[in-house]
Amino acid sequence: MAIGDEYTTTTSTTGNFTAGITTFPTIDHNHPLYLQPTDTPGSSLISLQLTGSDNYALWSRAMKIGFLGKSKLGFVDGRFPKSKFKLELHDLWEKVNAIVLSWIMNVVRPGLLSSIFYASSAHKVWEDLKERFDKVNGSRILYLHIEVHTLTQGTMTVIDYFSRLRELWDEFDALMLCPGCPCPESKQYAQHFEYQRLLQFLAGLNESYSQSKSQIMMMPPLPSINKVYSLLVDQESQRNLTSTTQVARVTEALKSTALYSSKNVNNAGNYKSKNSQVQCNVEITCAERYNMATNVTPTVNQQSRESGSSNSGTTQQMSQPALFQ
């Protein structure tokens, strides 16, 4: 039975002629061909762009999540071919298929568009990209394995370090699918796998977290990796707050010291200028005294000579009459 077999038939009678009018099937929000108002060709499901084999695993995983959210995953994995729908829905299927195809084209680098432009089915394009770029080779797996075991925090924050480690883990899981089943052995394997990743996360932290790592490993019920991450982020926030407070105190102390030093320098400058003024005044006073002394001595000598000459003239004037008499 094809999808969309349920349709409405109405009967109208005109005189002796009875005609049946067939309408299109009713499509609700659960129908695969239902389009939401936001389902337009220009929209993008994800922000990641396919560049090649290096990011195909992450790109395909993100696109599958986007298609699943739009209820259109069956158009790319082959579950909703055109032949599965009634003839009356084929035009609507073409419309939905074109929109899904445009979603793929919007997140592919320009160099890969030439092989998509002339495609008529989103499923064929999806399979073609998978065949070309889904290359799970040993070299990529080895690279991820080395990156996971050699990654250290360094200058990164705990948030950035854990995000990078989680990114490597997710890509490794996408390439190396772990078998799982509801049996007890599978559950024990998952717990062991989680414990190994906790050790990898703690091993890459800086030495400043050595005490915290020891305390975490000594907890009787070993916490989950997300719980450990939350505890370390809180500790890092407290350290940053303490460091900020200490820096503020040191800055305030340096400002006070600089202000005190500048006051001392100004006081020393004022004292030196005052000493210079006093010294200048003393030098000026000494010079004035010297000039006064040098100016007074010739005056006294000159006055002495003048007084002496005048006295001698007077003596001569006084003595002359006595001689002539």
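Since we're looking at a predicted model, the values are computed, not measured.

Calculation rules
- Residues numbered from 1 in each chain as written.
- Predicted model: local features only at pLDDT ≥ 70, side-chain atom pairs only at ≥ 80, totals over all residues.
- Heavy atoms only, no water.
- Helix = DSSP H or I, 4+ residues; strand = E, 2+ residues; numbered from the N terminus.
- Buried < 20%, exposed > 50% of the residue type's maximum accessible area, 1.4 Å probe, protein only.
- Contact = heavy atoms within 4.5 Å.
- Areas by Shrake-Rupley, 256 points an atom, 1.4 Å probe, with all protein chains shown as cover.
- Axes fitted to C-alpha atoms, helices over the stretch in contact; angles between N-to-C directions.
- Parallel < 35°, antiparallel > 145°, perpendicular 65-115°, else oblique.
- Nonpolar A, V, L, I, M, F, W, Y, C, P; charged D, E, K, R; others polar.
- Phe/Tyr/Trp six-rings, centres within 6.5 Å; stacked < 30°, edge-to-face > 60°.
- Salt bridge = Lys/Arg side-chain N within 4 Å of Asp/Glu carboxyl O.
- Polar contact = N/O pair within 3.5 Å; in protein donor to acceptor, adjacent residues only side chain to side chain.
- Expected span 1.5 Å × (residues − 1).
- Core = buried A, V, L, I, M, F, W, Y, C linked by side-chain atoms within 4.5 Å.
- pLDDT = per-residue confidence, 0-100.
- Patch = residues over 30% accessible without salt bridge, like charges linked within 9 Å, V, L, I, M, F, W, Y side chains within 5 Å.
- Left-handed = near helix turned anticlockwise from the far one by under 90°.

When you look at the overall build of the protein chain in this model, what are you seeing that I'm missing?
Check the secondary structure of the protein chain and you find nine helices and two strands. In the protein chain, the order of α-helices and β-strands from amino to carboxyl end is β-β-α-α-α-α-α-α-α-α-α. A total of 325 residues make up the protein chain; the buried ones form 24% of that total. Summarising the internal contacts of the protein chain: among those between residues at least 6 apart in sequence, 65% fall at separations of at least 24. As presented, the protein chain carries roughly 22,100 Å² of accessible surface, and 57% of it is formed by carbon and sulfur atoms.

It is not clear to me how the packing of helix α3 (residues 90-105) against helix α4 (residues 122-133) should be interpreted in this structure. Could you clarify?
Two measures define how a pair of helices packs: the angle their axes make with one another and the distance between the axes. Where α3 contacts α4, the two axes come as close as 9 Å, and the packing angle between them is 25 degrees. On the basis of the axis angle, α3 is roughly parallel to α4. Note on element contacts: α4 touches α3 through Ala122, Val125, Trp126 and Leu129, opposite Asn97, Val100, Leu101 and Ile104. Its residues assigned to classes, the contact of α3 with α4 shows seven nonpolar, one polar and no charged.

What is the right way to read the packing of aromatic side chains from this model?
Ring pairs (aromatic) are described by centroid distance and by the angle formed between their planes. In total, this model carries 12 aromatic pairs according to the counting rule given. Ring geometry for Phe67 and Trp126: centres 5.9 Å apart, planes at 75 degrees, overall edge-to-face. Separated by 59 residues along the polypeptide, Phe67 in helix α1 (residues 56-69) and Trp126 in helix α4 bring together distant segments of the chain. There is no split in this pair, since Phe67 and Trp126 are both buried. Ring plane angle 25 degrees and centroid distance 6.1 Å describe the contact between Tyr189 and Phe193, whose orientation is recorded as stacked.

Got a minute to help me understand the pattern of salt bridges in this structure?
Pairing of side chains with opposite charge becomes possible as their charged atoms draw close. Using the criterion set out here, one finds seven salt bridges in the structure. Notably, a salt bridge pairs Lys82 with Glu94, separated by 2.7 Å at the nearest N-O pair. Taken together, the residues span a long stretch of sequence, with Lys82 in the loop between α2 (74-77) and α3 and Glu94 in helix α3 at a distance of 12 residues. Of the charged contacts in the structure, one is a salt bridge between Glu167 and Arg164, with a shortest N-O distance of 3.7 Å.

Looking at this model, I keep getting lost on the side chain of Asp39. Mind explaining?
Mapped onto the fold, Asp39 is located in the loop between β2 (17-22) and α1. The residues contacting Asp39, other than those within four sequence positions of it, are Tyr34, Lys70, Ile99 and Trp103.

Explain the side chain of Asn55 to me, please; I cannot follow it from the model alone.
Note on placement: Asn55 falls in the loop between β2 and α1. Among the polar contacts made by the side chain of Asn55, one reaches the main-chain carbonyl oxygen of Gln49 at a distance of 2.8 Å. In this structure the side chain of Asn55 is engaged in a polar contact, spanning 3.4 Å, whose partner is the backbone nitrogen of Gly52. In this structure Asn55 touches Leu48, Gln49 and Leu50, once residues within four positions along its chain are discounted.

Even after reading the chapter, I still don't get helix α6 (residues 158-175), so can you show me in this structure?
Residues that lie three or four places apart on an α-helix share one face, since the helix turns once every 3.6 residues. When the terminal C-alpha atoms of α6 are compared, their 26 Å separation across 18 residues agrees well with the 26 Å that a helix rising 1.5 Å per residue should span. The set of residues buried in α6 consists of Val158, Tyr161, Phe162, Leu165, Leu168, Trp169, Glu171 and Leu175.

I would appreciate a short explanation of the nonpolar core in the present structure.
One recurring pattern in soluble globular proteins is that nonpolar side chains are buried together. Counting residues in hydrophobic clusters, the biggest one holds 31 residues, and the most contacted among them are Trp59, Phe67 and Ile104. At the level of elements, α1, α2, α3 and α4 are the ones that each hand at least two residues to this core. Broken down by element, the residue count for this core peaks at seven residues, all from α3. Within the second largest apolar cluster, 22 residues are counted, among which are Tyr161, Leu198, Ile216 and Val233.

I tried to follow the confidence of the model for the protein chain on my own but got confused; where do I start?
Low pLDDT means the predicted atomic positions in that stretch should not be read closely. Of the residues in the protein chain, 67% reach a pLDDT of 70 or more, and the chain-wide mean stands at 77. A low-confidence stretch, residues 5-20 stays under pLDDT 50, and its non-local contacts, those more than four residues away or across chains, total 21 contacts. A low-confidence stretch, residues 296-307 stays under pLDDT 50, and its non-local contacts, those more than four residues away or across chains, total zero contacts.

Where do I start with unusual backbone geometry in this structure?
For residues that are not glycine, phi is negative in most cases, and the peptide bond is trans in most cases. Here the phi dihedral of Ser71 falls at roughly 60 degrees; this positive angle occurs in a residue that is not glycine. Positionally, Ser71 belongs in the loop between α1 and α2.

Before we go on, may I ask you to explain a nonpolar patch on the surface in this structure?
Taken together, the side chains of Tyr195, Leu199, Met217 and Leu222 make up a nonpolar region of the molecular surface, amounting to roughly 310 Å² of accessible area. Tracing the chain through its elements places Met217 in helix α8 (residues 210-217). The partly exposed category is assigned to Met217, whose relative accessible area is 34%.

Explanation requested: the packing of α1 against α3 in the structure shown.
Two elements in contact, α1 and α3, have axes separated by 12 Å at closest approach and are oriented at 150 degrees. The way α1 lies across α3 gives a crossing that is right-handed. Residue-level contacts link Trp59, Met63 and Phe67 of α1 to Val100, Trp103 and Ile104 of α3.

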